[in-house]
Amino acid sequence: EALDKGLEKTKQNFFSRLGRAIVGKSKVDDEVLDELENILIAADVGVDTTLKIIRRIEARVQRDKYVNTAELNRILREEIAALLAENQTEELNDFELPPRDTPYVMLVVGVNGVGKTTTIGKLAAQFKQKGKKVMLGAADTFRAAAVDQLKMWGERAGVPVVELGMGKDPASVAYEATKRALEEKADLLIIDTAGRLHNKTNLMNELAKIKRTIQKLIPDAPHEVLLVLDGSTGQNAVIQAREFTKVTDVSAIAITKLDGTAKGGVVIGISDEFKIPIKYIGVGEKIEDLQIFNRYEFVDSLFE
Ligand code: GDP
């Protein structure tokens, strides 16, 4: 399965090290817990979340007096699944949208290079395959390449892209795209936005203006603000999430490039820190490599 393959490196990082930590030991003791702490931190779970997991395992060791190292895998898996369950308030089964009379509007935010355009293209293709009428809005007008790249993905997915060209007011593009989505009775409008984090005030104002403009046509929009993060950057993705959640309300997270990285533990840390549902994960470059995040499948892929 693509997910298993995608998470292979993270899994190896977990298990080969966990295996070495318990070799020749039968009991989970402080030494094993210390090594487990190092392993979780090395997998980019993050310090706070790691300590939370370690404390929970310590509590079980204390309660049960003696915990066999052979059981450590199962316990760790249970604790990670439980932690994810606390924070994944919403869980999708498939690429699906709540039923609506007007288009469902998704605003996509994230810094350049994280895989934002690719994720939008993959989402467009997936929802189209489900029979939805999809439209894209090219409101990242700051970079010429961004508009062109979105158009390329639009062609590939077979969905129209509304654009006014580079340098145009992003809010105007968003307005135009929303108008057309309404006229053409689209089910889903995905709007790409610029992600200039080094200019936070501008970004905040720009996103606020885009939202106000869309709301002139669809008062309860946007229905989703999706933050795209690059999982292969580990703790950098966490820092970006902190910055973006200060700039705008984020309702869902997509974590890309989990294939080819051993830092997949960052998914656990991000879920724990932000309490924002992780809805999608990217495990490769193909359209079907954008997957619905499911906590059970994720944990299974790490531990089986
Ligand atoms: P943007 O600047 O954020 O819009 O980033 P792009 O969408 O252009 O993506 C940057 C690079 O990351 C491209 O080469 C993509 O093919 C690649 N990419 C995006 N998502 C994934 C993923 O899940 N796995 C892998 N391996 N590459 C990805």
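Residues numbered from 1 in each chain as written. Predicted model: local features only at pLDDT ≥ 70, side-chain atom pairs only at ≥ 80, totals over all residues. Heavy atoms only, no water.

Draft legend 1. Looking closely at the overall build of the protein. A count of helices and strands for the protein gives 12 helices and 8 strands. Relative to the compact-globule value of 19 Å for 304 residues, the protein shows a C-alpha radius of gyration of 21 Å, a close match. Referenced to the eigenvectors of the C-alpha coordinate spread, the extents of the protein come out at roughly 65 × 40 × 30 Å. The buried share among the 304 residues of the protein stands at 55%. Across the protein, the fraction of contacts at a sequence separation of at least 24, relative to all contacts at a separation of at least 6, is 76%. Total accessible area computed for the protein in this model is approximately 13,100 Å², and 48% of it derives from carbon and sulfur atoms. (Helix = DSSP H or I, 4+ residues; strand = E, 2+ residues; numbered from the N terminus. Rg over C-alpha atoms; globule rule 2.2 N^0.38 Å. Buried < 20%, exposed > 50% of the residue type's maximum accessible area, 1.4 Å probe, protein only. Contact = heavy atoms within 4.5 Å. Areas by Shrake-Rupley, 256 points an atom, 1.4 Å probe, with all protein chains shown as cover.)

Draft legend 2. Quick look at the packing of helix H10 (residues 235–247) against helix H11 (residues 266–274). Between H10 and H11, the least distance of the axes is 10 Å, while the angle of their chain directions is 25 degrees. By the angle class used here, H10 and H11 are roughly parallel. Crossing hand, H10 versus H11: right-handed. Residues Gln 235, Ala 237, Val 238, Ala 241, Arg 242 and Thr 245 of H10 form the contact with H11, whose own contacting residues are Val 266, Ile 270, Glu 273 and Phe 274. (Axes fitted to C-alpha atoms, helices over the stretch in contact; angles between N-to-C directions. Parallel < 35°, antiparallel > 145°, perpendicular 65-115°, else oblique. Left-handed = near helix turned anticlockwise from the far one by under 90°.)

Draft legend 3. Inspection of the environment of Phe 293 at higher detail. Residue placement: Phe 293 occurs in the loop between strand S8 (290–292) and helix H12 (295–303). Between the C-alpha atom of Phe 293 and that of Leu 189, which follows or precedes it by 104 residues, the distance is 21 Å. For Phe 293, the contacting residues outside a window of four places in its chain are Leu 84, Gln 88, Glu 91, Val 267, Ile 278, Lys 279, Tyr 280, Ile 281 and Phe 298.

Draft legend 4. Structural view of the pairing of strand S2 (residues 134–139). With 6 of 6 residues buried, S2 is to be regarded as a mostly interior element. Covered by surrounding structure in S2 are Val 134, Leu 136 and Ala 138 together with Met 135, Gly 137 and Ala 139, the residues of both alternating faces. As judged from the 6 bridges shared by S2 and strand S4 (residues 188–193), these two strands associate in the parallel manner. Along S4, the bridge assignment pairs Met 135 with Leu 189. Strand direction decides the pairing type here: S2 and strand S3 (residues 161–162), joined by 2 bridges, are parallel. By the bridge assignment, Gly 137 is partnered in S3 with Val 162. Where the polypeptide runs from S2 across helix H7 (residues 144–157) and back to S3, its parallel neighbour, the crossover connection is right-handed. (Pairing = 2+ DSSP bridges. Right-handed = clockwise from strand over helix to strand, strands pointing away.)

Draft legend 5. A look at the sheet that holds S2. In spatial order, the strands read S3-S2-S4-S1-S5-S6-S7-S8; together these 8 strands make up an open sheet with mixed pairing. Edge positions in the sheet fall to S3 and S8, since each has one partner strand and no second. Set on the sheet, H7 makes contact with S2, S3 and S4; between it and S2 the angle comes to about 170 degrees. The sheet strands contacting H10 are strand S1 (104–109) and strand S5 (224–230), and the helix crosses S5 at an angle near 155 degrees.

Draft legend 6. Summary view of a nonpolar patch on the surface. A grouping of Ile 41, Val 47 and Leu 51 is seen on the molecular surface, where their side chains present a nonpolar patch of about 210 Å² in accessible area. Position of Ile 41 among the secondary structure elements: in helix H3 (residues 30–42). (Patch = residues over 30% accessible without salt bridge, like charges linked within 9 Å, V, L, I, M, F, W, Y side chains within 5 Å. Salt bridge = Lys/Arg side-chain N within 4 Å of Asp/Glu carboxyl O.)

Draft legend 7. Fine view of the site of the ligand. The full set close to the ligand counts 17 residues, and Gly 113, Thr 117, Thr 118, Gln 149 and Glu 285 are the nearest of them. Between the ligand and the protein, one listed contact pairs an oxygen atom with a backbone N or O atom of Gly 282 at 3.4 Å. A distance of 3.2 Å is found between an oxygen atom of the ligand and a backbone nitrogen or oxygen belonging to Gly 284. When the ligand is considered free in solution it has 580 Å² of accessible area, and contact with the protein chains removes 80% of it. Among the elements that make up the shell around the ligand, the one with the highest residue count is helix H6 (residues 116–129) (4 residues). (Near = heavy atom within 4 Å. Polar contact = N/O pair within 3.5 Å; in protein donor to acceptor, adjacent residues only side chain to side chain.)

Draft legend 8. How the structure looks around unusual backbone geometry. Here the bond from Ala 221 into Pro 222 is cis, since omega is -5 degrees, no more than 30 degrees from zero. With respect to the secondary-structure elements, Pro 222 resides in the loop between helix H9 (200–217) and S5. The phi torsion at Lys 185 lies on the positive side, around 50 degrees, for a residue other than glycine. By secondary structure assignment, the location of Lys 185 is in the loop between helix H8 (170–183) and S4. Here Lys 185 falls in the exposed class, since its relative accessible area comes to 67%. One non-glycine residue, Lys 275, lies in positive phi territory at about 55 degrees.

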